[in-house]
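Commentary on secondary and tertiary structure
Here's the letter readout for the chains.
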Amino acid sequence: MMADSVDKLRAGVRDVSDFPKKGIVFKDITPILSDHALFRASIDLFLDQCRGKNIDKIVGIDARGFLFGSTVAYELGVGFVPIRKRGKLPYKTEIAKYSLEYGEAEMEMHVDAMMPGERIVLVDDLLATGGTSAAATALIRKVGGQLLEAQFLIELEFLHGRKQLEPTPVVSFLKY
Ligand code: AMP
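Here the structure is a predicted model, which means the values were calculated and not measured. (Residues numbered from 1 in each chain as written. Predicted model: local features only at pLDDT ≥ 70, side-chain atom pairs only at ≥ 80, totals over all residues. Heavy atoms only, no water.)

What follows is about the sheet that holds strand S5 (residues 93-99). Taken together, the seven strands give an open sheet; going across it, the order is S5-S6-S4-S3-S7-S8-S9, and neighbouring strands pair in mixed fashion. Across the chains shown, the open sheet's two edge strands, defined by having one partner strand only, are S5 and strand S9 (170-175). The mean inter-strand angle of the sheet, taken between neighbouring strand axes irrespective of direction, is 20 degrees. Strand direction decides the pairing type here: strand S7 (residues 119-127) and strand S8 (residues 146-155), joined by eight bridges, are parallel. Directly across from leucine 122, in S8, lies its bridge partner alanine 150. (Pairing = 2+ DSSP bridges. Helix = DSSP H or I, 4+ residues; strand = E, 2+ residues; numbered from the N terminus. Axes fitted to C-alpha atoms, helices over the stretch in contact; angles between N-to-C directions.)

Here we take up the site of the ligand. Taken together, 13 residues form the shell around the ligand, and within it Asp124, Asp125, Thr129, Gly130 and Thr132 come nearest. Taking aspartate 125, its side chain carries an N or O atom lying 2.8 Å from an oxygen atom of the ligand. When isolated, the ligand has an accessible area of 480 Å², and the protein chains bury 83% of it. Among the secondary structure elements, those contributing two or more residues to the shell around the ligand are strand S2 (25-28), S7 and helix H5 (131-142). When the residues that make up the shell around the ligand are grouped by side-chain class, the tally is five nonpolar, four polar and four charged. (Near = heavy atom within 4 Å. Polar contact = N/O pair within 3.5 Å; in protein donor to acceptor, adjacent residues only side chain to side chain. Areas by Shrake-Rupley, 256 points an atom, 1.4 Å probe, with all protein chains shown as cover. Nonpolar A, V, L, I, M, F, W, Y, C, P; charged D, E, K, R; others polar.)

Between the first and last C-alpha of helix H4 (residues 64-76) there are 19 Å, a value that for 13 residues agrees with the 18 Å anticipated at 1.5 Å per step. In this structure, the buried side of H4 is in contact with helix H2 (30-33), helix H3 (36-50), strand S3 (57-61), strand S4 (79-85), S7 and S8. (Expected span 1.5 Å × (residues − 1). Contact = heavy atoms within 4.5 Å.)

Following this line, the structure appears as structure tokens:
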């Protein structure tokens, strides 16, 4: 059942070469979003992975992590917390820097987005080098959240992003 939905989801990921720059193969998940059965199948994978963990909040990363993370939070009946690129959140924030291919970027989370000790799962669409999600894990720890696991629809294994997230357990459903 799960293997079956993984195969269908894999067929729903569109490879777009040389986006956003030459040499990158972009994994476009919009065909999954626009097909209700595929979207549901993708959410169900996250939900199966979340059950029994006594989660307090799901944290999603700007922007595709919002699509999956908030839907998972809704279904689980828990809160959702957005981590955004710098300059988008209106209230007091914690900030974490991370490296891009050239230079640096910053992610932000509201200081009161979670209570110390709350049980947190991080959700994003794709784990590549791990820089983005490592910044997200730093923010969760800064405010005292207990990060149980990081979950991704897609993992580009050849970039070894999960090493950057150690010791956080990493789960992904479609591996390339
Ligand atoms: P990284 O910080 O390298 O792990 O990059 C992860 C973030 O960039 C995720 O939020 C992804 O949505 C996006 N991303 C990186 N590489 C790709 C790719 N090849 N295809 C689609 N999205 C990507």
